[in-house]
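Letter by letter, the chains look like this.
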Amino acid sequence: MERIEKAYKKDFYVKKGIPTSPHQRFSSLEDLKRASFEFPFVWKSAQFGYDGTGVKIVRSEEDINNL
């Protein structure tokens, strides 16, 4: 079975009008650090996550540095 990157799934949902939570994609940690957002937020790895692996609740700048 082909693995589909989680981020592509989210983009597909948006494109097809399927309800989903708001999301942004970042290609690097530096891009994430430069972005504007409100805490807390959920960070999810775009690839290789499963059963909670690759998912973090980010509550502060320090949490971002620990991703």
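Whatever comes next refers back to the structure up there.
Cut-offs used in this document
Residues numbered from 1 in each chain as written. Predicted model: local features only at pLDDT ≥ 70, side-chain atom pairs only at ≥ 80, totals over all residues. Heavy atoms only, no water. Helix = DSSP H or I, 4+ residues; strand = E, 2+ residues; numbered from the N terminus. Buried < 20%, exposed > 50% of the residue type's maximum accessible area, 1.4 Å probe, protein only. Contact = heavy atoms within 4.5 Å. Areas by Shrake-Rupley, 256 points an atom, 1.4 Å probe, with all protein chains shown as cover. Polar contact = N/O pair within 3.5 Å; in protein donor to acceptor, adjacent residues only side chain to side chain. Phe/Tyr/Trp six-rings, centres within 6.5 Å; stacked < 30°, edge-to-face > 60°. Lys NZ or Arg CZ within 6 Å of the ring centre and 35° of its normal. Salt bridge = Lys/Arg side-chain N within 4 Å of Asp/Glu carboxyl O.

*Asks:* What's the story with the overall build of the protein in this structure? I'm lost.
*Replies:* Of the regular secondary structure elements, the protein holds three helices and two strands. Counting from the amino terminus, helix and strand elements in the protein follow one another as α-α-β-β-α. Within the span of the protein, comprising 67 residues, buried residues form 13% of the whole. For the protein, long-range pairs separated by at least 24 residues make up 32% of all intrachain contacts whose partners lie at least 6 apart in sequence. Carbon and sulfur atoms make up 52% of the accessible area of the protein, which amounts to about 5800 Å² in all.

*Asks:* Which parts of the structure should I look at to understand the environment of Thr20?
*Replies:* In this fold, Thr20 is placed in the loop between α1 (6-16) and α2 (29-34). When the C-alpha positions of Thr20 and Lys10 are compared, they lie 7.3 Å apart, and in sequence the two are 10 residues distant. Each residue touching Thr20, except ones within four places of it in the same chain, is listed here: Lys10, Tyr13 and Val14. Separated by 2.5 Å, the side chains of Thr20 and Lys10 make a polar contact.

*Asks:* Mind showing me how you'd approach unusual backbone geometry here?
*Replies:* Comment: phi is negative for the bulk of residues other than glycine, and the bulk of peptide bonds are trans. For the bond from Phe39 to Pro40, the omega torsion is -10°, close enough to zero to count as cis. For Pro40, the position within the fold is in the loop between α2 and β1 (41-44).

*Asks:* Where do I start with the packing of aromatic side chains in this structure?
*Replies:* Tallying each qualifying case throughout the model produces four aromatic pairs. Each ring, one from Phe12 and one from Tyr13, has its centre 6.4 Å from the other, and the planes form 65°; the classification is edge-to-face. By relative accessible area, Phe12 is classed as partly exposed at 43%. A relative accessible area of 30% means that Tyr13 is categorised as partly exposed. Taken together, Phe37, Phe39 and Phe41 form an aromatic cluster joined through their ring pairs. In this arrangement the basic side chain of Arg25 is found over the ring face of Tyr8, its NZ or CZ atom lying 4.7 Å from the centre.

*Asks:* Teacher, can you tell me more about the pattern of salt bridges here?
*Replies:* Proximity of charged atoms lets side chains of opposite charge pair with each other. Inspection of the entire model under this criterion finds three salt bridges. Salt-bridge contacts for Lys33 lead to Glu30; the nearest nitrogen and oxygen are separated by 3.8 Å. Linking Lys33 with Glu30, this pair stays in helix α2, spanning three residues, or about one helical turn. For Arg34, the salt bridge identified is with Asp31, shortest N-O distance 2.4 Å. Of the two residues, Arg34 and Asp31 are both situated in helix α2; the distance of three residues between them amounts to about one turn of the helix. Among the residues examined, Arg34 registers a relative accessible area of 62% and is labelled exposed. On the basis of relative accessible area, Asp31 is assigned to the partly exposed category, the value being 25%.

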